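# Observations on the model geometry
Now for the letters of each chain:
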Amino acid sequence: MILDHNQLTSAGDILVVDDSPENLRFLVEILTHSGYRARPAINGELALRSAQLKPPVLILLDIRMHGMDGFETCRRLKENEQTRDIPVIFASSMTDTEAKIKGFKLGAVDYVAKPLNAQEVLLRIATHLSLSITQRQLQTMNSLLREAIKRAEYANRALLASEQQLTAYSKNLERLVLERTRELDEANRKLTDLSEHDALTGLANRRKFDEVWQVEWLRALRQNSPLSVIMADIDDFKAYNDCYGHQAGDACLQKVACAIEAQAQRSGELVARYGGEEFVVILPNVTETNAWRVAESIRADVEALAIPHAHSPTAPIVTLSLGVAGSIPGLDPERDASDLLAEADKRLYLAKEHGRNQVALPFRPVATLFQRVGPLEGNPADRSRDGAFSHANHASKISNMLTVCK
Ligand SMILES: Nc1nc2c(ncn2[C@@H]2O[C@H](COP(=O)(O)OP(=O)(O)OP(=O)(O)O)[C@@H](O)[C@H]2O)c(=O)[nH]1
């Protein structure tokens, strides 16, 4: 493909080398006439110098010259980095094949025979200039492309590295978030635990009790089931503290808390520390009578601990007074949750008033009570509580049972 004439003529100088001034003039003339810029050189040495000083876009080179001939001039042009890529066209009257082959082997791109034909010379120059310019453009595009590929590869590597870094960061972040979440969950759990439990005994605290008590009351109301509560208070605990010290008092509270908790292990049952030396037990699905049995077992178990209490006016050991109240909320619209609790509390203080170390129930003739606490019919949920009580030990416990008027 021959390029546009303007592109060819503006590409640069054409160096014309010939030791015949006539030939030189002729060539310079036809080139200039065609719009090219032509530079003459009268011998090989001058041609080399001119080409190195300002590389032309093409060289038209005579072979047979005085001094350095065209072959040698071409050889030197091709061994110089600066001039090696300039297309060389030999112009010669040596038309034998051997001379042509030698010229091509030295790196010439074409050959024009003398005497020169202006049109042929111009056509060959246009062809080789086009080829050379296109080749240079291709080389430039190639090197630009190579540069672009290099940059893309570099960017790709950088992208890959930052992707890997990002993955590592995000994995690390994920791990940190997980760790923090776990720590936060754990801290929250501890906080909830702290907010719901008494630090000394590990039992539920008053706050937790209030919450559960309301829930259980509403459940019993919905299910028309019984609900009971026991209030328990250590007798003469001030005297215990005064006698054995506060630390021993703490240890005593822990032992009593354990004993109470051991008697309220069924699902839904809750033991809480209600105040200093006061405890409360929620017994869902347990009738008042059976709650009395639980209270009596607690009282007996604390007694069985036989914790010495030398200054107690009640007994030489630590004892408990307990008040019990139970209801079926659905059948008892007159009372609400706080009424039932207040009732248990009132009975606790009646138990205190009547000598301590006993369980207080609402007034019922002893005989009736004795029958009521015997084997029961009805709710199977109560039966396990029935099994915990027998007529044999009933007689010994009755002395610790108080009946009072409502
Ligand atoms: N060691 C210890 N003592 C406590 C704690 N909480 C409350 N107390 C003590 O429990 C005692 C309760 O005394 P009181 O309310 O007078 O009752 P009490 O001496 O048990 O007499 P009654 O209840 O009428 O039998 C006080 O001396 C409180 O200091 C505690 O966490 N640890």
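Residues numbered from 1 in each chain as written. Predicted model: local features only at pLDDT ≥ 70, side-chain atom pairs only at ≥ 80, totals over all residues. Heavy atoms only, no water.

Looking at an unreviewed UniProt entry, the protein carries the name diguanylate cyclase, with the source organism given as Candidatus Methylospira mobilis. One UniProt comment on the protein, placed under Cofactor (unreviewed entry), says "Mg(2+)". (UniProt positions renumbered as here; feature names shortened; annotations may be inferred.)

We now examine the confidence of the model for the protein. Model confidence for the protein is summarised by a mean pLDDT of 88, while 88% of its residues fall at 70 or above. This stretch, residues 364-406, has a pLDDT under 50; its non-local contacts, to residues over four places away or in other chains, come to 80 contacts. Scoring of the predicted complex yields 0.59 for pTM and 0.98 for ipTM. (pLDDT = per-residue confidence, 0-100. Contact = heavy atoms within 4.5 Å.)

What follows deals with the environment of A118. In this structure, A118 sits in helix α6 (residues 118-196). When the C-alpha atoms of A118 and L31 are compared, they prove to be 8.8 Å apart, with 87 residues separating the residues in sequence. When near neighbours in sequence (up to four residues on either side) are disregarded, A118 contacts F26 and I30. (Helix = DSSP H or I, 4+ residues; strand = E, 2+ residues; numbered from the N terminus.)

With that settled, consider the packing of helix α7 (residues 206-223) against helix α11 (residues 337-353). Here α7 crosses α11 at 115 degrees, and the two axes come no closer than 10 Å. Relative to α11, the crossing made by α7 is right-handed. On α11, the residues that touch F209, W213, Q214 and W217 of α7 are A337, S338, L340 and L341. Class assignment of the residues belonging to the contact of α7 with α11 gives a composition of six nonpolar, two polar and no charged. (Axes fitted to C-alpha atoms, helices over the stretch in contact; angles between N-to-C directions. Left-handed = near helix turned anticlockwise from the far one by under 90°. Nonpolar A, V, L, I, M, F, W, Y, C, P; charged D, E, K, R; others polar.)

Here we come to the pattern of salt bridges. Enumeration according to the criterion identifies 30 salt bridges in this entry. Residues D13 and R37 are paired through a salt bridge, measuring 2.9 Å at the closest nitrogen-oxygen approach. Separated by 24 residues along the polypeptide, D13 in strand β1 (residues 13-17) and R37 in strand β2 (residues 37-41) bring together distant segments of the chain. Through salt bridges with shared partners, a single ionic network connects D13, R37, R39 and K54. (Salt bridge = Lys/Arg side-chain N within 4 Å of Asp/Glu carboxyl O.)

Right, let's get into the packing of helix α9 (residues 246-262) against helix α10 (residues 288-305). Look at α9 against α10: their axes get within 9 Å of each other, and the N-to-C directions meet at 140 degrees. By the angle class used here, α9 and α10 are oblique. Considering the relative orientation of α9 and α10, their crossing is right-handed. Taken together, the residues of α10 that come into contact with α9 (itself represented by K255, V256, A259 and I260) are I298, V302 and L305. Its residues assigned to classes, the contact of α9 with α10 comprises six nonpolar, no polar and one charged. (Parallel < 35°, antiparallel > 145°, perpendicular 65-115°, else oblique.)

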